[in-house]
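# Summary of the model geometry
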Amino acid sequence: MQLHTNVDLSSYNTLGLRSSANLYTELHNIIDLHNLIQNESVKNEKWHILGGGSNLVLPEQIKGLVIKVANKGRELIQEDSDYWYVKAQAGEVWDEFVQWTLQHGYHGLENLSLIPGTVGAAPIQNIGAYGVEVKDSLFEVTGIDLKTGELKTFSNEECKFSYRDSFFKQEGAGKYLIWDVTFRLPKKVKLHLEYGDIQKELDRQGLDENPENISKAVIAIRTSKLPDPKKIGNAGSFFKNPIVPSSQKDELLKQYPALVTFPATDGKHKLAAGWLIDQCGWKGKKLGPVGMYEKQALVLVNHGGASAEDVWKLATEVCADVKNRFGVDIEPEPIRW
Ligand code: EPU
């Protein structure tokens, strides 16, 4: 395990923000981790865990130690008559893992194709897309207590998943490092075609309904709507879709019949934040070096050279406009260091 000083992180966050870490290290195996925990010189530093950097807003100067989780590996660890149990190390790239599962016939993650980030970050915000969330097939998570180095297994229930949220973003934040994740994938194929344009895209490409083709369709839809972080800095959806009581949804629908809503849990309703932001005129609009993407108003993009300050300035204005116009609070999805 090597400690580096003053490391430039602008290529380690998909928003491409200018950012530098006082101290930086990479963990490739469990020995690296134990060495780190026993290292007296970093004991009193604040530790920040970095995965793929796709859901983060980094400040210009990061005080403390940035720990990049870089352990690799994926394998089938068990199977029974109904399920495959597949384990992946936290540092695996999420979409490479998804493609590997599909190549081996372990389906169930196809709707989550092409989501940026790592396997270890996926449970933290319970990544989701096209009607599926990581919580639907996650079996367990191995976490490492950052104080003691002890391993702790978290069942799906203990992860306390909800929409873009989990124990690891709440009570567990900063306490555990996710080391590996095990998925339980059904042998009986269950396709999720109901959301958005998947069926339309399969028909357009003349593809049969199967997991590999759903993955292809999802990739085509995502590529057409979301900017490629390699070309234009972004962190996917910048805001969560707000969840409101059904009375508020009904009131809003009376005034705005075109409002896009989806049923959520507990009789509440999710509103499409992209639609709300779009209606406020922010789609394709810039503020300094940042702006809201021209094809999806929910995605904040860095047109070049932005800092965290530029990002928060725009985010604050967008939130205020949505609140003034619709009386709805929207919350950023990325984590702020
Ligand atoms: N819409 C607009 N204008 C816009 C953007 C969207 O009117 O500028 C409307 C769309 O026409 C559609 C509705 O809003 O009727 C919803 O849009 P979309 O299907 O693109 O989904 P979303 O709710 O904006 C969520 C996730 C995405 C995920 C997609 C597909 C959140 C915060 N975002 O977006 O996840 O890919 O659904 O399932 O839940 C991410 O989290 O980074 C992410 C990209």
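Going by the structure above, here's the rest.
Counting buried positions along strand β12 (residues 176-186) yields nine of eleven residues, so the element is predominantly enclosed. With seven bridges connecting them, strand β7 (residues 83-89) and β12 associate as antiparallel partners. Within the sheet, the bridge partner assigned to Q89 lies in β12 and is D180. When strand β10 (residues 138-145) meets β12, the two strands line up antiparallel, connected through seven bridges. Across the sheet, the residue bridging to D145 is Y176, located in β12.

Another point: the packing of aromatic side chains. For the structure shown, the criterion picks out 20 aromatic pairs. The interplanar angle of 20° and the centroid separation of 6.2 Å between the aromatic rings of F97 and W100 together place this pair among those described as stacked. With F97 and W100 both in helix α2 (residues 94-103) and three residues apart, the pair spans about one turn of that helix. With a centroid separation of 6.0 Å and an interplanar angle of 25°, the aromatic rings of Y195 and F262 are classed as stacked. Taken together, the residues Y195 in the loop between β12 and α3 (198-205) and F262 in strand β15 (residues 261-263) connect sequence positions 67 residues apart. A residue is classified by how much of its surface remains accessible, and Y195, at 33% relative accessible area, is partly exposed. Among the aromatic residues, those joined into a ring-pair cluster are W84, W94, F97, W100, Y106 and F183. Above the face of the Y163 ring, K270 is positioned so that its terminal group lies 3.8 Å from the ring centre.

Across all of its chains, the model carries 16 salt bridges by this definition. D136 is the salt-bridge partner of K135, the closest N and O atoms lying 3.2 Å from each other. On the accessibility criterion, D136 (47% relative accessible area) is partly exposed. As a salt-bridge pair, K240 and E331 come within 3.5 Å of each other at their nearest N and O atoms. Residue K240 is located in the loop between β13 (233-237) and β14 (243-244), and its partner E331 is located in the loop between α7 (308-326) and β20 (335-336); the two are separated by 91 residues in the primary sequence. Look at the salt bridges and you will find they share partners, linking E133, K135 and D136 into a network.

A separate point is the sheet that holds β14. Within the open sheet, the three strands sit side by side as β14-β16-β15. Their pairing is antiparallel. In this open sheet, the two edge strands, each paired with only one partner strand, are β14 and β15. Inspection of the sheet shows β14 paired to strand β16 (residues 269-271) by two bridges, in the antiparallel sense. Its bridge partner lying in β16, I243 is registered against K270. Of the strands in this sheet, β14, β15 and β16 are in contact with helix α5 (residues 246-255), which crosses β16 at around 45°.

So, on to the site of the ligand. Lining the immediate environment of the ligand, one finds 23 residues, of which Y130, Y163, S237, D278 and A297 sit closest. Within the side chain of D278, an N or O atom sits 2.8 Å from a nitrogen atom of the ligand. Burial of the ligand by the protein chains amounts to 82% of its free accessible area of 830 Å². Among the secondary structure elements, those contributing two or more residues to the shell around the ligand are β8 (128-129), α4 (211-225), β13 and α6 (273-279). No other element matches the three residues that α6 contributes to the shell around the ligand. Counting contributing residues, the shell around the ligand receives three or more from each of domain 2 (74-186) and domain 3 (233-336).

A few words now on the environment of G108. Along the chain, G108 falls in the loop between α2 and β8. In this structure G108 touches V132 and L185, once residues within four positions along its chain are discounted.

Turning our eyes to something else, we now look at the side chain of T25. One can find T25 in strand β2 (residues 20-27). If sequence neighbours within four positions are ignored, T25 has contacts with M1, Q2, L3, L36, L65, V66, I67 and K68.

This part covers unusual backbone geometry. Of note in this structure, L114 is not a glycine but carries a positive phi near 65°. If you trace the backbone, L114 turns up in the loop between α2 and β8. Even without glycine at this site, D266 takes up a positive phi of about 55°. Counting through the fold element by element, D266 comes out in the loop between β15 and β16. By relative accessible area, which is 74% here, D266 ends up exposed.

About the thresholds
Every residue gets a number counted from 1 within its own chain, in the order that chain's sequence is written. Where totals are concerned, whole chains, interfaces and linings use all residues; where local detail is concerned, this predicted model gives features only for residues with pLDDT of at least 70, and gives and counts side-chain atom pairs only at 80 or more. The basis for the side-chain values is all heavy atoms of the structure; hydrogens and waters are excluded. Only protein chains enter the calculation, and the probe is 1.4 Å; a residue is then buried if its accessible area is under 20% of its type maximum, exposed if over 50%, and partly exposed in between. Runs of H or I in DSSP of at least four residues are treated as helices and runs of E of at least two as strands, each being numbered from the N terminus. Think of it this way: DSSP has to see at least two bridges between two strands before they count as a pair. Stacked, tilted and edge-to-face are the three classes applied to pairs of Phe, Tyr and Trp rings, where Trp contributes its six-membered ring and a pair requires centres within 6.5 Å; stacked means planes under 30 degrees apart, edge-to-face means over 60, and tilted covers the rest. Think of it as a cone above the ring: NZ of Lys or CZ of Arg counts as a charge over the ring if it is within 6 Å of the ring centre and within 35 degrees of the ring normal. Salt bridge criterion: a side-chain nitrogen from Lys or Arg within 4 Å of a carboxyl oxygen from Asp or Glu. Every residue pair with non-hydrogen atoms within 4.5 Å of one another is taken to be in contact. Axis lines are fitted through C-alpha atoms, for helices just across the contact stretch, and the angle between N-to-C directions can take any value from 0 to 180 degrees. Being near a molecule or strand, for a residue, means having at least one of its heavy atoms within 4 Å of it. Pairing of N or O atoms within 3.5 Å defines a polar contact, subject to two protein rules: one partner must be a possible hydrogen donor and the other a possible acceptor, and residues neighboring in sequence count only if both atoms are side-chain atoms. Note on areas: Shrake-Rupley, 1.4 Å probe, and residue coverage restricted to the protein chains presented here. What marks off one domain from the next here is an automatic or database domain assignment.

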